[in-house]
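A structural walkthrough
Take a look at the letters that make up each chain.
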Amino acid sequence: MWMTIISFLGGPVVKALIDAYSAKLKADNVDTRIAADLAASEIAAQTAEIKAVMQYRIAEIGHWWEPDKLMGYCVALYFAKLLVFDKIFGLGSTDPLAGFAAVTANLVVSFYFAKRGFENVARIIKR
């Protein structure tokens, strides 16, 4: 019963660790014990890999060259040129966006304005 509760709460990694430990305890001969040790070391390697990927993602956060920020800069420059030079100063005309470019610009703008709202709703639901 406890194993079921712990495996449900801990996810697949904890369940695999428990299974590997149980196999090690139940090992009757050397071959089975070696297989259990290899399974435990494989799980440890997977856990270390997951931690390394998460550390990389955390280290990457906050840089100006992230793809979503680069797209945001491009759209912001387009709208700044459109509003400041074309509308305010009357120094030219910019062709309207159409097709894929219009959809992409709308998605980028909606991402920036809706992202924080979705994060707040997810944080409230998570509690």
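Residues numbered from 1 in each chain as written. Predicted model: local features only at pLDDT ≥ 70, side-chain atom pairs only at ≥ 80, totals over all residues. Heavy atoms only, no water.

**Here we look at the overall build of the protein chain**
The cut-off we apply is this: By the criteria applied, helices consist of DSSP H or I runs no shorter than four residues and strands consist of E runs no shorter than two, each listed in order from the N terminus. Relative accessible area decides the class of each residue, using a 1.4 Å probe on protein chains only: under 20% of the type maximum gives buried, over 50% gives exposed, and in between gives partly exposed. A contact between two residues is defined here by any heavy atoms of the two lying within 4.5 Å. Surface accessibility follows the Shrake-Rupley procedure with a 1.4 Å probe radius. Residue values consider only the protein chains on display as shielding.
Of regular secondary structure, the protein chain possesses 4 helices and 0 strands. In sequence order, the secondary structure elements of the protein chain are arranged as α-α-α-α. The buried share of the protein chain, reckoned over its 127 residues, is 13%. Nonlocal contacts in the protein chain, meaning residues at least 24 apart in sequence, comprise 33% of its contacts between residues at least 6 apart. Surface exposure of the protein chain reaches about 10500 Å², of which carbon and sulfur atoms provide 71%.

**Observations regarding the pattern of salt bridges**
The following threshold applies: Within this document, salt bridges are pairs made up of a side-chain nitrogen of Lys or Arg and a carboxyl oxygen of Asp or Glu, the two lying within 4 Å of each other.
Throughout the structure, instances matching the rule amount to 2 salt bridges. One salt bridge in this structure joins Asp86 and Lys81, with 3.0 Å as the shortest N-O distance. The exposure class of Asp86 is buried, given its relative accessible area of 12%. On the basis of relative accessible area, Lys81 is assigned to the partly exposed category, the value being 33%. In this structure, Glu119 engages Arg116 in a salt bridge whose closest nitrogen and oxygen atoms are separated by 3.2 Å. Placement of both Glu119 and Arg116 in helix α4 (residues 100-126) is noted, with a separation of 3 residues, approximately one turn of the helix.

**Comments concerning α4**
Defined as follows: Here the bend at a residue means the angle between the axes of two seven-residue stretches, the one that ends at it and the one that starts at it.
The largest bend along α4 reaches roughly 40° and is located at Ala114. On the buried face of α4, the contacting elements are α3 (67-88).

**Overview of the environment of Ser41**
Within the element layout of this structure, Ser41 appears in helix α2 (residues 30-60). Along the backbone, Ser41 and Leu17 are 24 residues apart, and their C-alpha atoms lie at a distance of 9.7 Å.

**Observations regarding the packing of α3 against α4**
To keep it simple, the criterion reads: Interaxial angles span 0 to 180 degrees and are taken between N-to-C directions of axes, which are lines fitted to C-alpha atoms, for helices over the stretch in contact. With respect to orientation, any angle under 35 degrees is reported as roughly parallel, any angle over 145 as roughly antiparallel, any angle of 65 to 115 as roughly perpendicular, and every other angle as oblique. Crossing handedness: left-handed means the near helix sits turned counterclockwise from the far one by under a right angle, and right-handed means the same turn made clockwise.
One way to put it is that α3 packs onto α4 with a least axis distance of 10 Å and a crossing angle of 110°. When the axes of α3 and α4 are compared, the pair comes out roughly perpendicular. Crossing hand, α3 versus α4: left-handed. Note on element contacts: α4 touches α3 through Thr104, Ala105, Val108, Val109, Phe111 and Tyr112, opposite Asp68, Lys69, Met71, Gly72, Val75 and Phe79.

**Regarding the packing of aromatic side chains**
For clarity, the threshold we go by: Only Phe, Tyr and Trp rings are paired, with Trp represented by its six-membered ring, and only when their centres lie within 6.5 Å; those with planes under 30 degrees apart are stacked, over 60 edge-to-face, the remainder tilted.
The tally for this structure, following the rule as stated, stands at 3 aromatic pairs. When the ring of Phe111 is compared with that of Tyr112, the centres are 5.4 Å apart and the planes differ by 75°; the resulting orientation is edge-to-face. The partly exposed category is assigned to Tyr112, whose relative accessible area is 38%.

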